[in-house]
Amino acid sequence: MGKTTRYRFREYHVTAVADPMALPTFEARCVTGEEQDCAATSGELNTPEELTLWIAGHCAQTGHQSYEQTTRTVVHAEPGAWQ
Ligand SMILES: [Zn+2]
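Enquirer: Would you mind going over the overall build of the protein with me for this structure?
Expert: A count of helical and extended segments in the protein gives one helix and four strands. For the protein, the N- to C-terminal ordering of α and β elements is β-β-α-β-β. For the protein, with 83 residues in total, the buried portion stands at 8%. In the protein, the share of contacts with a sequence separation of at least 24, taken over all contacts with a separation of at least 6, comes to 59%.

Below you can see the structure in the form of structure tokens.
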């Protein structure tokens, strides 16, 4: 974006939502595997503890040790004034 940019963009203020319905969710995916990931997923969980439990359980069953962890949160965007 230089001085010659012809488009203008609104400025957005993005804030975390305190809404109890918008609590973060946690998900783990097993990425253990040589040519292909195992790809087992925990599904959406509500606490990091549940996530750890799922990983511990999957690891105990399969011996798999590599996981990808996702935390999903809802944010609220508030349009600001044109610049
Ligand atoms: Zn696995």
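Enquirer: Looking at this structure, I do not really get the pairing of strand 2 (residues 25–30). What am I missing?
Expert: In summary, the side chains of a regular strand alternate between the two faces of the sheet. Where burial is concerned, the two faces of strand 2 differ: the one with F26, A28 and C30 is buried and the one with T25, E27 and R29 is not. Bridging between strand 2 and strand 3 (residues 67–72) involves six bridges; their strand directions are antiparallel. Bridge pairing in strand 3 links T25 to R72.

Enquirer: Would you explain the environment of P24 in this entry?
Expert: Assignment of secondary structure puts P24 in the loop between strand 1 (12–16) and strand 2. Not counting residues up to four positions away in its chain, the partners in contact with P24 are T71, R72 and T73.

Enquirer: Is there a simple way to explain unusual backbone geometry in this structure?
Expert: Outside of glycine, negative phi angles account for most residues, and trans bonds account for most peptide bonds. Even without a glycine there, the phi angle at A39 is positive, about 70 degrees. Along the chain, A39 turns up in the loop between strand 2 and helix 1 (48–62).

Enquirer: Would you explain helix 1 in this entry?
Expert: Structurally, the α-helix is built with 3.6 residues per turn, so residues lying three or four positions apart point the same way. For helix 1, spanning 15 residues, the distance from its first C-alpha to its last is 21 Å, which sits close to the expected 21 Å at 1.5 Å a residue. Turning to helix 1, its buried residues are L51, W54 and H58. Taken down its axis, helix 1 places every buried residue within 65 degrees of arc, on the same side. Of the exposed residues in helix 1, the ones pointing more than 90 degrees away from its buried face are E49, A56, G57 and A60. Residues of helix 1 that are buried sit in contact with strand 2 and strand 3. Where helix 1 ends, the next residue or the one after it, G63, has phi of about 80 degrees, a positive value.

Rules of the game
- Residues numbered from 1 in each chain as written.
- Predicted model: local features only at pLDDT ≥ 70, side-chain atom pairs only at ≥ 80, totals over all residues.
- Helix = DSSP H or I, 4+ residues; strand = E, 2+ residues; numbered from the N terminus.
- Buried ≥ 20, exposed ≤ 12 C-beta atoms within 10 Å, placed from the backbone.
- Contact = placed C-beta atoms within 7 Å.
- Pairing = 2+ DSSP bridges.
- Expected span 1.5 Å × (residues − 1).
- Arc of directions from axis to C-beta.

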